[in-house]
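Chain and residue survey
Residue strings, one per chain:
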Amino acid sequence: MSSNGDVSNGPSSKKNGRVWMDGCFDMVHFGHANALRQGKQMGNHLVVGVHSDAEIQKHKGPPVFNEQERYKMVRAIKWVDEVIEDAPYVTTLDELDQNNIDFCVHGDDITVSADGRDTYYMVKEAGRYKECKRTAGVSTTDLVGRMLLATKQHFVENPPEKDQTKDMAADASTKSPYTGTSQFLPTSQKIIQFSEGKEPKPTDKIVYVAGAFDLFHVGHVDFLEEASKHGDFLIVGLHTDLEVNRYKGRNFPIMNLHERLLSVLSNKYVSEVVIGAPYSVTSDLMDHFKVDVVCHGKTNVLPDINGKDPYAYPKEKGCFVEIDSGNELTTQMIVDRIIKNRLEYEERNKKKEAKELILIKQTTDQLD
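Residues numbered from 1 in each chain as written. Predicted model: local features only at pLDDT ≥ 70, side-chain atom pairs only at ≥ 80, totals over all residues. Heavy atoms only, no water.

**Digging into the overall build of the protein chain**
Rules: Helix numbering and strand numbering both begin at the N terminus, where a helix is a DSSP run of H or I of at least 4 residues and a strand a DSSP run of E of at least 2. Between buried and exposed lies partly exposed: a residue is buried under 20% and exposed over 50% of the maximum accessible area for its type, with that area taken using a 1.4 Å probe on protein chains only. Reported accessibility uses the Shrake-Rupley method at a 1.4 Å probe radius. Residues are deemed covered only where the shown protein chains occlude them.
A count of helices and strands for the protein chain gives 15 helices and ten strands. Of all 368 residues assigned to the protein chain, the portion counted as buried reaches 51%. Accessible surface, the protein chain: about 17,100 Å² in total, of which carbon and sulfur atoms supply 49%.

The following block contains the structure:
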């Protein structure tokens, strides 16, 4: 175990060579990003294989995001050097050799193919496999579960209680240690690992954007990429859970503030994040961070609790820019995708858990 608590085994952990990681990367979240961060630490060049829609449908069930969206999401993670599209679901030695890969890295959870086999059995047998520590408390299955749960209990007229968002991060309906999840517990060390900790140079033009960035998705990526073009140092202000619920209502945010923080920090266009940023962009905020430009997308902006435009000050200063990312995807649209295909996703999760439990039992029996 390394000093930062990440786990590796297999070939020598000396930092060199080309590292391969692969997966569905559906609804990319900070758990994916943390695995990729650990993988990058094990080598000099991180190559990430992303499965096609057809491969995922065959082995797991329908993805939430299409393959082009997932390819773009992975490319935007700051630890990724290269993306291989349409990677096979079962990792082969041929795939590693074709891409000049030294070894493969995966989390310490189980990934099972359509026929119930460990998808990494070939590279494990060949001694070209390492493990990193899985991020407990989040998975795509868990996030889908939160949204499905919302269709039953959390789409209500009254705002949720303070602990309601936190409660949605725990799913007790499953038994597999990989499909079911525990509550994510943020630490200062994890934030440090995700943050580059760099300061803007005196000559940098500083750009500020703010929002919920809930269920961090490809629409957010396109927006942040466009915003980053307006300066040299991009600061993202993240609103608190209660603030997000005030202007979005119902069961939002799906992800709590700490989860949203890590998702945004993993993006390669982001330089710094303000945790619990005020809804209104004030003179104090702009002076403190020496902000030159404030950007917002084309989504509607609701007034602050005092009824005023939250962007009134930067507009008065003439430094407000409305940008068009060319991507109209919103968090609500993602939730709608899940609700529309609810039965398919529920069935997918059940099948995934059943295959995991069978493989866990087989592994346990072999050890006995």
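**Thoughts on unusual backbone geometry**
In the segment running from F252 into P253, the intervening peptide bond is cis, with an omega of 0°. Of note in the backbone geometry, K290 takes a positive phi value of approximately 55° without being a glycine. Tracing the sequence through the fold places K290 in the loop between α12 (283–289) and β9 (293–296). On the basis of relative accessibility, which here comes to 60%, the residue K290 falls in the exposed class.

**Some remarks on the sheet that holds strand β2 (residues 45–50)**
Defined as follows: Should DSSP find at least two bridges between two strands, the strands are taken to pair. Helix axes are fitted to C-alpha atoms over the stretch in contact, other axes to C-alpha atoms as well, and angles between N-to-C directions run from 0 to 180 degrees.
In space, the five strands of this open sheet follow the order β3-β2-β1-β4-β5, with parallel pairing throughout. The open sheet is flanked by β3 (82–85) and β5 (129–132), the only strands paired with a single partner. The mean inter-strand angle of the sheet, taken between neighbouring strand axes irrespective of direction, is 30°.

**What to know about the packing of aromatic side chains**
So the rule is basically this: To pair, rings of Phe, Tyr and Trp, with the six-membered ring standing in for Trp, must have centres within 6.5 Å; the planes then decide the type, stacked if under 30 degrees apart, edge-to-face if over 60, and tilted in the middle. For a lysine, the NZ atom is tested; for an arginine, the CZ atom; a charge sits over a ring if that atom is within 6 Å of the ring centre and within 35 degrees of the ring normal.
Across all of its chains, the model carries six aromatic pairs by this definition. Taken together, a centroid distance of 6.5 Å and an interplanar angle of 35° make the contact between F213 and F223 tilted. Of this pair, F213 sits in the loop between β6 (206–211) and α9 (218–228) while F223 sits in helix α9, and the two are ten residues apart along the sequence. Considered together, F213 and F223 belong to a single accessibility category, that of buried residues. Plain terms: the ring middles of Y311 and F320 are 5.2 Å apart, the flat faces sit at 50° to each other, and that makes the pair tilted. By relative accessible area, Y311 is classed as buried at 4%. The exposure class of F320 is partly exposed, given its relative accessible area of 22%. An aromatic cluster is defined as three or more aromatic residues linked by ring pairs; in this entry it consists of F213, F216 and F223. Just above the ring of Y121 sits the side chain of R117; from NZ or CZ to the centre is 3.6 Å. One residue, K130, lies across the ring of F103, its end atom 3.9 Å from the ring centre.

**What about the packing of helix α3 (residues 67–75) against α9?**
Between two packed helices, both the angle of their axes relative to each other and the distance between the axes serve to describe the pair. Our working definition: We call two directions roughly parallel when the angle between them is under 35 degrees, roughly antiparallel when it is over 145, roughly perpendicular when it lies between 65 and 115, and oblique otherwise. Crossing handedness follows the turn of the near helix against the far one: under a right angle anticlockwise gives a left-handed crossing, and clockwise gives a right-handed one. The criterion used for residue contact is that any of the two residues' heavy atoms lie within 4.5 Å.
One can describe the packing of α3 onto α9 by two numbers: an axis separation of 9 Å at closest approach and a directional angle of 50°. Comparing the axis directions of α3 and α9 gives the class oblique. As for the relative orientation of α3 and α9, their crossing is left-handed in sense. Residues E69, K72 and M73 of α3 lie in contact with α9, whose contacting residues are V218, V221 and D222.

**A few points about the confidence of the model for the protein chain**
Detailed reading of the predicted coordinates is not advisable wherever pLDDT is low. Note the threshold: Per-residue confidence from the predictor is given as pLDDT, running between 0 and 100.
On average, residues of the protein chain carry a pLDDT of 84, and 80% of them reach 70 or more. Segment residues 1–5: pLDDT under 50, and seven contacts once partners within four positions in sequence are set aside and those in other chains are kept. The low-confidence segment residues 151–182, where pLDDT is below 50, has 69 contacts with residues more than four positions distant or belonging to other chains.

**Section: the sheet that holds strand β10 (residues 320–322)**
Either a parallel or an antiparallel arrangement is found when strands of a sheet pair, and the pairing is made through backbone hydrogen bonds. Spatial ordering of the open sheet is given by β8-β7-β6-β9-β10, a layout of five strands whose pairing is parallel. The outermost strands of the open sheet, each flanked by one partner alone, are β8 (272–275) and β10. Within the sheet, the average angular offset between the axes of one strand and its neighbour, ignoring direction, is 25°. Here three bridges tie β9 to β10, and the two strands are oriented parallel to one another. Bridged to V294 within β10 is F320.

**Details of the environment of Y89**
Mapped onto the fold, Y89 is located in the loop between β3 and α4 (93–98). Looking at Y89, the relative accessible area reads 5%, which means it is buried. Put simply, Y89 and C24 are 65 residues apart on the chain and 8.3 Å apart in space, counted from C-alpha to C-alpha. Sequence-distant contacts of Y89, defined by excluding residues within four places in its chain, comprise C24, H51, E55, H59, K60, T111, V112, S113 and T119.

**Quick look at the side chain of D118**
Using the following cut-off: Any pair of nitrogen or oxygen atoms within 3.5 Å is treated as a polar contact; in protein, a donor-acceptor pairing is required on top of that, and neighbouring residues in sequence qualify only through side-chain atoms on both sides.
Relative to the helices and strands, D118 resides in the loop between β4 (103–107) and α5 (121–125). The class for D118 is buried, based on a relative accessible area of 19%. One polar contact links the side chain of D118 to the main-chain amide nitrogen of Y120, over a distance of 2.9 Å.

**Looking at empty space enclosed by the protein**
Using the following cut-off: Think of a 1 Å grid over the protein atoms and nothing else: a 1.4 Å probe that fits but is trapped marks a cavity, an open set flanked by protein within 12 Å on at least five of seven lines marks a pocket, and residues with an atom within 4 Å of a point count as lining. Grid points are joined across faces, edges and corners, and a volume is the space filled by probe spheres set on the points. Side-chain classes follow a simple rule in which Ala, Val, Leu, Ile, Met, Phe, Trp, Tyr, Cys and Pro form the nonpolar group, Asp, Glu, Lys and Arg form the charged group, and the remainder, Gly included, forms the polar group.
In total, this model carries two cavities of 30 Å³ or more according to the counting rule given. Lining the largest cavity we find 15 residues, and of these M27, V28, F65, L215 and F216 sit closest to its centre. With three residues, α3 is the largest single contributor of residues to the lining of the largest cavity. Among the residues making up the lining of the largest cavity, the classes are represented as ten nonpolar, three polar and two charged. By volume, the second largest cavity is sized at about 60 Å³.

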